[in-house]
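Overview (structure and organization)
Listed below, chain by chain, are the residues.
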Amino acid sequence: MHNAVSRASDDVPFRLGQYEIQSQMARLIAVDNGISRADMARMTGMARSTVAEYLQPLLDCNLVSEQRGNYTGRGRPSTGLSLNMKAGVILVADIGVTHGRLVVADLGAHRLAEEAFMPDLTIGPELLLSEIVERFEKLLQSSTARDRPIRCVVIGIPSPVDFERGMPVRPPIMPGWDGFAVADWVRRRMGVPVMVDNDVNLMALGEARSRPGSQSPLLFIKVASGIGCGIVTKDGELHRGADGAAGDIGHIRVPLHDDVICRCGNIGCIEAIASASAIMRQLQDQKGTVVQTTAELAALITSGDPHAVRLVRTAAAEIGEIVAMLVHMYNPASIILGGKMALMSDDLLAGIRAVVYRRALPLATRRLSIENSQLGRDAGLVGGIALGVDKVLSPRGIQDLLQSR
Ligand SMILES: [Zn+2]
């Protein structure tokens, strides 16, 4: 089941403003493609005439289209309301430490064009963002959607992000990016709304929206060169916390590792002990085995190198302790493992599962599922598209759309 749109509530409360009501209607249409005016009235509790009044501007601006009649005698008649996929595009950049991907998507979350590139995070924000803007423009021009308006740009970066202000905050691996107003800078260049979020948040959102709603609340744990977590609420929305730092678990201190210094400057952080980078360093320190890339580490693990496999199992046990704590804190319905380490070895999943089921209380684990990511390397892009569609269909997005006509 793929659903790029968050689950809207079934009833529209009284005294909502025009744009809130139209946002609810647009979300209903996105979730239930082909919904009739009568169903819309029933689900919102509004009179048919009121539905018609609020619907008309959405039809006039081409965000929603309506088909009448044309019953072919087979299946569901092709009447009803649907989101006009061609009403605009969403551009998403998923920027990681060792990968970058760009995508052009329509409002139905279909990917129309995409490309991979190697971003250099060390050249500073202005040069890299210029490159991304240029690549976006070329990619859009090369796609079938070149004539459609850009409704929204979403950028995921490997850094803590102040989401409201659209800027990274003290990223340990991105020199020159601290406090740089990424969203404002790109908005000025492209003239469209821009959202910036932490890469793991986008992966969590992508994974949650591609699963049934019953699998949220959901925690997405990324284990790669660092360790991070994205939190999705029961309603399918990201929980970012007061400042955007929620889920930044990589720097939780693990007992008995005070001899290990983390890149954040503290000692004994889980990321410095159990990430792919940590395992690569331990291989070198303990066995003199030089492993420079995660691909080389993956090859070593796949070949069954006993030392590498043991290090992964030890790391899984350490991460499992943290995850067991999170389970008590948040009582998720599912925990999804992603990132390169999860992809390279099932030992990580098995090890984390073992600790969590042993340590956490039965009530918290009764229905808990712990799985590897379904989306793999696509999770961040899928989440970015979902965030973009949410933005376009939000009250503010609808207001912008109607006022820009
Ligand atoms: Zn740290």
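So, how was this worked out
Residues numbered from 1 in each chain as written. Predicted model: local features only at pLDDT ≥ 70, side-chain atom pairs only at ≥ 80, totals over all residues. Heavy atoms only, no water. Domains from an automatic or database assignment. Contact = heavy atoms within 4.5 Å. Buried area = accessible area lost by both parts, 1.4 Å probe. Salt bridge = Lys/Arg side-chain N within 4 Å of Asp/Glu carboxyl O. Donors = N, O, S within 2.8 Å, 3.2 Å for Na, K, Ca; no water. Tetrahedral: all angles 85-135°; square planar, octahedral: opposite > 155°, others 65-115°. Helix = DSSP H or I, 4+ residues; strand = E, 2+ residues; numbered from the N terminus. Buried < 20%, exposed > 50% of the residue type's maximum accessible area, 1.4 Å probe, protein only. Axes fitted to C-alpha atoms, helices over the stretch in contact; angles between N-to-C directions. Parallel < 35°, antiparallel > 145°, perpendicular 65-115°, else oblique. Left-handed = near helix turned anticlockwise from the far one by under 90°. Nonpolar A, V, L, I, M, F, W, Y, C, P; charged D, E, K, R; others polar. pLDDT = per-residue confidence, 0-100.

The name given to the protein chain in an unreviewed UniProt entry is Putative NBD/HSP70 family sugar kinase, and the organism recorded there is Silvimonas terrae.

Bringing the domain arrangement of the protein chain into the picture now. By a frequent convention, interface size equals the accessible area lost on bringing the separate parts together. What the domain assignment reports for the protein chain is domain 1 (18-83), domain 2 (88-203 + 380-403) and domain 3 (212-373). One C-alpha centre belongs to domain 1, the other to domain 2, and the line joining them spans 30 Å. On the side of domain 2, ten residues touch domain 1, which itself brings 13 residues to the contact. Here domain 1 packs against domain 2, burying approximately 1000 Å² in sum over the two surfaces, 78% of which is carbon and sulfur. Broken down residue by residue, the surface that domain 1 buries against domain 2 is led by Tyr19, Arg27 and Leu63, which jointly contribute 50%. Counting across the domain 1 and domain 2 interface gives zero salt bridges.

Coordination sphere of the zinc ion, protein contribution only: His251 (ND1), Cys262 (SG), Cys264 (SG) and Cys269 (SG), at 1.9 to 2.3 Å. Note that the zinc ion binds four donor atoms; their angles at the metal cover 106 to 119 degrees, and the shape is tetrahedral. Donor residues for the zinc ion, ordered by position in the chain, follow H-x10-C-x1-C-x4-C. Of the two residues, histidine 251 sits in the loop between strand S11 (227-232) and helix H7 (270-274) while cysteine 269 sits in the loop between S11 and H7, which places them 18 residues apart along the sequence. Overall, the relative accessible area of 1% leaves cysteine 269 in the buried class.

Moving on, we get to the packing of helix H10 (residues 306-330) against helix H12 (residues 346-359). It is the contact of H10 with H12, at a shortest axis distance of 7 Å, that shows an interaxial angle of 40 degrees. One element, H10, and the other, H12, form an angle in the oblique class. Read as a crossing pair, H10 and H12 show a hand that is right-handed. Here Val309, Val312, Arg313, Ala316, Ala317, Ile319, Gly320, Glu321, Val323, Ala324, Val327 and His328 of H10 lie close against H12, whose contacting residues are Asp347, Leu348, Gly351, Ile352, Val355, Val356 and Arg359. For the contact of H10 with H12, the per-class residue count stands at twelve nonpolar, three polar and four charged.

This part takes up the pattern of salt bridges. Counted according to the given criterion, the structure contains 22 salt bridges. Aspartate 378 is the partner of arginine 111 in a salt bridge, and the nearest nitrogen-oxygen pair spans 3.1 Å. Separated by 267 residues along the polypeptide, arginine 111 in strand S5 (residues 111-117) and aspartate 378 in the loop between strand S13 (369-372) and helix H14 (379-393) bring together distant segments of the chain. Through salt bridges with shared partners, a single ionic network connects Arg101, Arg111, Glu114 and Asp378.

Here we take up the environment of proline 193. Secondary-structure assignment places proline 193 in the loop between helix H5 (182-190) and strand S9 (194-198). On the accessibility criterion, proline 193 (26% relative accessible area) is partly exposed. Residues proline 193 and serine 142 lie 51 residues apart in sequence; the distance between their C-alpha atoms is 22 Å.

This part takes up the confidence of the model for the protein chain. Model confidence for the protein chain is summarised by a mean pLDDT of 91, while 94% of its residues fall at 70 or above. H5 holds the highest mean pLDDT among the elements of the protein chain, 98, whereas helix H13 (residues 362-365) holds the lowest, 84. Ignoring residues within four places in sequence, the model shows residues 8-14, a span with pLDDT below 50, making ten contacts including any to other chains.

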